[in-house]
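The chain contents come next:
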Amino acid sequence: MENNRAPRARFVAAIILFLAVIIGDLVLCRDYLKQGLPTWPACLIIELVMLALLVIGGILFCNRRGLNSNKKLILAFGVFLVWCVITVVLFADYKAMYLSTLNTEFPSYGAAIACLKLVLVLCGLTALIPVAPAPTGREYAEGLARAYERQNIERAKNAAAEAQRDLEQRMEQLRNSLSPEELAALAGKLTAETPAEEKETEEN
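Residues numbered from 1 in each chain as written. Predicted model: local features only at pLDDT ≥ 70, side-chain atom pairs only at ≥ 80, totals over all residues. Heavy atoms only, no water.

Some words on the overall build of the protein
Threshold: Counting from the N terminus, the helices are DSSP H or I runs at least four residues long and the strands are E runs at least two residues long. A 1.4 Å probe rolled over the protein chains alone gives each residue an accessible area, and that area as a share of the maximum for its type sets the label: buried under 20%, exposed over 50%, partly exposed in between. Whether two residues touch is decided by their heavy atoms; if any such pair falls within 4.5 Å, the residues are in contact. Each accessible area is a Shrake-Rupley result for a 1.4 Å probe, and residues are judged covered by the shown protein chains and nothing else.
Summing up its helical and strand segments, the protein has eight helices and zero strands in all. Going residue by residue from the N terminus, the α and β elements of the protein occur as α-α-α-α-α-α-α-α. Evaluated residue by residue, the protein yields a buried proportion of 21% over its 204 residues. Restricting the contact set of the protein to residue pairs at least 6 apart, pairs at least 24 apart contribute 76%. For the protein, the exposed area adds up to about 14,200 Å²; of that, 64% sits on carbon and sulfur atoms.

Put into structure tokens, the structure is as follows:
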């Protein structure tokens, strides 16, 4: 039986984000794609390779387990880092490629799309990192009850320790303020009263 509290990846969100990147990239590059492979610029070929790796990664890791090991995390974010470096190095080419199908007077749109693509990929990779599900209402209430009980126990221990310290301080003050004769008389009085109290307790 599957453990409902086991960490799970948000693979549905990752799939949606990856599909948005892939479809958006292909739509924005459609004019270049129509021209045929011999005319494709280097940035487009690299981009198609990265999209292919994104599809493969989605097939392998878009499940409940997600990126559930250090090796998978290093591999996924290593590829993403390479993609970021390539985008920065060929940034001008990427901007021109994305602007080729946009009817706009603002060249900054190309840069914004290149950055948005990387942000969406990063969000998708983050969604593939398994996390524990949020507690239900009953589990949350039980957790609060346990925390409250631990807090009360801790307070009782602190109060007892404080009372013990206060008693020791008062006894020390009492010993310092009384003479040896007075201390002997007090000890004798307490010794005499103790058996009487024990006898009274037994009778009750």
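What follows picks up the thread again.
A look at the nonpolar core
To keep it simple, the criterion reads: What is meant by a nonpolar core is a set of buried Ala, Val, Leu, Ile, Met, Phe, Trp, Tyr and Cys residues, joined one to another through side-chain atoms within 4.5 Å.
By size, the foremost hydrophobic cluster in this structure holds 28 residues, and its most contacted members are Phe18, Leu54, Trp83, Met97, Tyr98, Val121 and Leu128. Elements with a minimum of two residues in this core: α1 (11-28), α3 (42-61), α4 (70-89), α5 (91-99) and α6 (108-127). Tallying contributions element by element places α3 first for this core, with six residues. Those residues in contact with Phe18 that sit more than four places away from it in its chain are Leu54, Cys62, Val121, Gly124, Leu125 and Leu128.

Describing the side chain of Lys117
Looking at the secondary structure, you find Lys117 in helix α6. Its relative accessible area of 5% is what places Lys117 among the buried residues. Among all residues touching Lys117, those that are not within four sequence positions of it are Val21, Asp25, Glu47, Trp83, Thr87, Tyr94 and Tyr98.

Some remarks on the packing of aromatic side chains
What counts, and what does not: Here the aromatic set is Phe, Tyr and Trp, taking the six-membered ring for Trp, and pairing holds for ring centres within 6.5 Å; pairs whose planes are under 30 degrees apart are stacked, those over 60 apart are edge-to-face, and all others are tilted.
Counted under the stated rule, the structure contains two aromatic pairs. Ring geometry for Tyr94 and Tyr98: centres 6.1 Å apart, planes at 35°, overall tilted. Of this pair, Tyr94 and Tyr98 both sit in helix α5, four residues apart, which is roughly one turn of that helix. The two residues Tyr94 and Tyr98 agree in class, both being buried. With centroids separated by 5.7 Å and ring planes inclined at 35°, the aromatic side chains of Phe106 and Tyr109 adopt a geometry described as tilted. Judged by its relative accessible area of 41%, Tyr109 falls in the partly exposed class.

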